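Tertiary structure, described
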Amino acid sequence: MISIRRSEERGRADFGWLDSRHSFSFGHYHDPGHMGFRSLRVINEDRVKGGAGFDTHPHRDMEIISYVLEGGLAHRDSLGTGAVIRPGEVQRMSAGPGILHSEFNASPTEPVHFLQIWILPERLGLEPGYEQRAFPEAERRGRLRLVASRDGRDGAVTIHQDVALYASLLGTGEGVRHPLPPGRGAWVQLARGTIAVNGEALRAGDGAAITDEDHVEILCREGEAELLLFDLA
């Protein structure tokens, strides 16, 4: 079974400096029908204007993944960590019992476009920490590249939950297939392009929940497509 979350149906927050689209309930946007999918709690597609960003704020007991599509996202936290995340890089932050951090557009003039993802951790009170790794375009093109997993295999960042996150870049006519063992589900988030997921058409910004299927088959119909696939317990 596949259930599609259309881009235009998502929640929206527009503060001028920030244009954010919420696949699931977040902040002032509450939709009882869209509270998350399994351990996947938040997918926000954020566009931040040059020179702007999120001031220091707290998080706790959440695995937070940042995936940049365009521009650069500067990060600082109360552990003393500071970095800029750019396209092809994935950052994982474990908030544990509490962490303070800020996120700003690394450019004073150009916008930054990124996905912020929250995953519920397997247990509360984990030690706070962060990890950031680069996944070159060649590693993501025409295949599903593992970028985050519970065991950190194949150079992926480690997340404290039974989730495997894959990134893919596909050209016209290219496709990928991912098996789903019994009991597991998948969420596909399309960042750009046009694809078919198990025969259902998705446009940029759309998401799809896949349950009670033995595989996920993704085909790029035309142009360039960029997507994330979550394999969830």
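Structural data are supplied above this passage.
Residues numbered from 1 in each chain as written. Predicted model: local features only at pLDDT ≥ 70, side-chain atom pairs only at ≥ 80, totals over all residues. Heavy atoms only, no water.

**Observations concerning the pattern of salt bridges**
- By the definition in use, this model includes 21 salt bridges.
- Linking Asp19 and Arg12 is a salt bridge whose minimum nitrogen-to-oxygen distance equals 3.1 Å.
- In this structure, the salt-bridge partner of Glu137 is Arg141, at a minimum N-O distance of 3.1 Å.
- Of the residues examined, Glu137 reaches a relative accessible area of 45% and is grouped as partly exposed.
- Three or more residues joined by partner-sharing salt bridges are found here, namely Arg12, Asp14, Asp19 and Arg21. (Salt bridge = Lys/Arg side-chain N within 4 Å of Asp/Glu carboxyl O. Buried < 20%, exposed > 50% of the residue type's maximum accessible area, 1.4 Å probe, protein only.)

**Regarding the pairing of strand 18 (residues 200-203)**
- Bridging between strand 17 (residues 185-197) and strand 18 involves four bridges; their strand directions are antiparallel. Its bridge partner lying in strand 18, Ile195 is registered against Leu202.
- Hairpin connection between strand 17 and strand 18: a loop of two residues separates the two successive antiparallel strands, and Asn198 in this loop has a positive phi of roughly 50°. (Pairing = 2+ DSSP bridges. Helix = DSSP H or I, 4+ residues; strand = E, 2+ residues; numbered from the N terminus.)

**Structural notes on the packing of aromatic side chains**
- The tally for this structure, following the rule as stated, stands at four aromatic pairs.
- Their ring planes at 45° and their centres at 5.9 Å tell us that Phe37 and Trp187 sit as a pair that is tilted. A residue pair is termed long-range when its members are at least 10 positions apart, and Phe37 in the loop between strand 3 (18-22) and strand 4 (40-48) and Trp187 in strand 17 qualify at 150 residues.
- Here the aromatic residues Phe24, Phe37 and Trp187 are joined through ring pairs into a cluster of three or more. (Phe/Tyr/Trp six-rings, centres within 6.5 Å; stacked < 30°, edge-to-face > 60°.)

**Examining unusual backbone geometry**
- The backbone phi angle of Arg38 is positive, close to 55°, even though this residue is not glycine.
- Residue classification places Arg38 among the partly exposed residues on the basis of a relative accessible area of 37%.
- Notably, Asn198 is not glycine yet its phi reads approximately 50°, a positive angle.
- Along the chain, the position of Asn198 falls in the loop between strand 17 and strand 18.
- With a relative accessible area of 25%, Asn198 lands in the partly exposed category.

**Some words on the nonpolar core**
- Counting 25 residues, the largest nonpolar core has Leu40, Ile65, Ile117, Trp187, Leu228 and Phe230 as its most contacted members.
- Mapped onto this core, the elements with two or more residues apiece are strand 4, strand 6 (63-70), strand 11 (112-119), strand 13 (145-149), strand 15 (163-170), strand 17 and strand 20 (215-232).
- Not counting the four nearest positions on each side in its chain, Leu228 is found in contact with Tyr67, Leu115, Ile117, Leu165, Tyr166, Ala167, Trp187, Val188 and Gln189.
- Core analysis: the second largest hydrophobic core is formed by 22 residues, Leu146, Leu190, Val216 and Ile218 among them. (Core = buried A, V, L, I, M, F, W, Y, C linked by side-chain atoms within 4.5 Å. Contact = heavy atoms within 4.5 Å.)

**What to know about the layout of surface pockets**
- The computed volume of the largest pocket comes to approximately 310 Å³.
- Lining of the largest pocket is provided by 19 residues; of these, Phe15, Leu18, His22, Phe26 and Phe54 occupy positions nearest its centre.
- Where the lining of the largest pocket is concerned, the elements lending two or more residues are strand 2 (11-14), strand 3, strand 4, strand 5 (53-59) and strand 11. (1 Å grid on protein atoms, 1.4 Å probe; cavity = no way out; pocket = protein on both sides within 12 Å on 5 of 7 lines; lining within 4 Å. Points joined across faces, edges and corners; volume = space filled by probe spheres on them.)

**With respect to the sheet that holds strand 3**
- The strand order 2-3-4-11-6-9-12 describes an open sheet built from seven strands, whose pairing is antiparallel. Looking at strand neighbours, the two that pair on one side only are strand 2 and strand 12 (129-134), the edges of this open sheet. Taken pair by pair, the neighbouring strands of this sheet meet at an average axis angle of 15°, ignoring direction.
- Note: strand 2 against strand 3, four bridges, orientation antiparallel. (Axes fitted to C-alpha atoms, helices over the stretch in contact; angles between N-to-C directions.)

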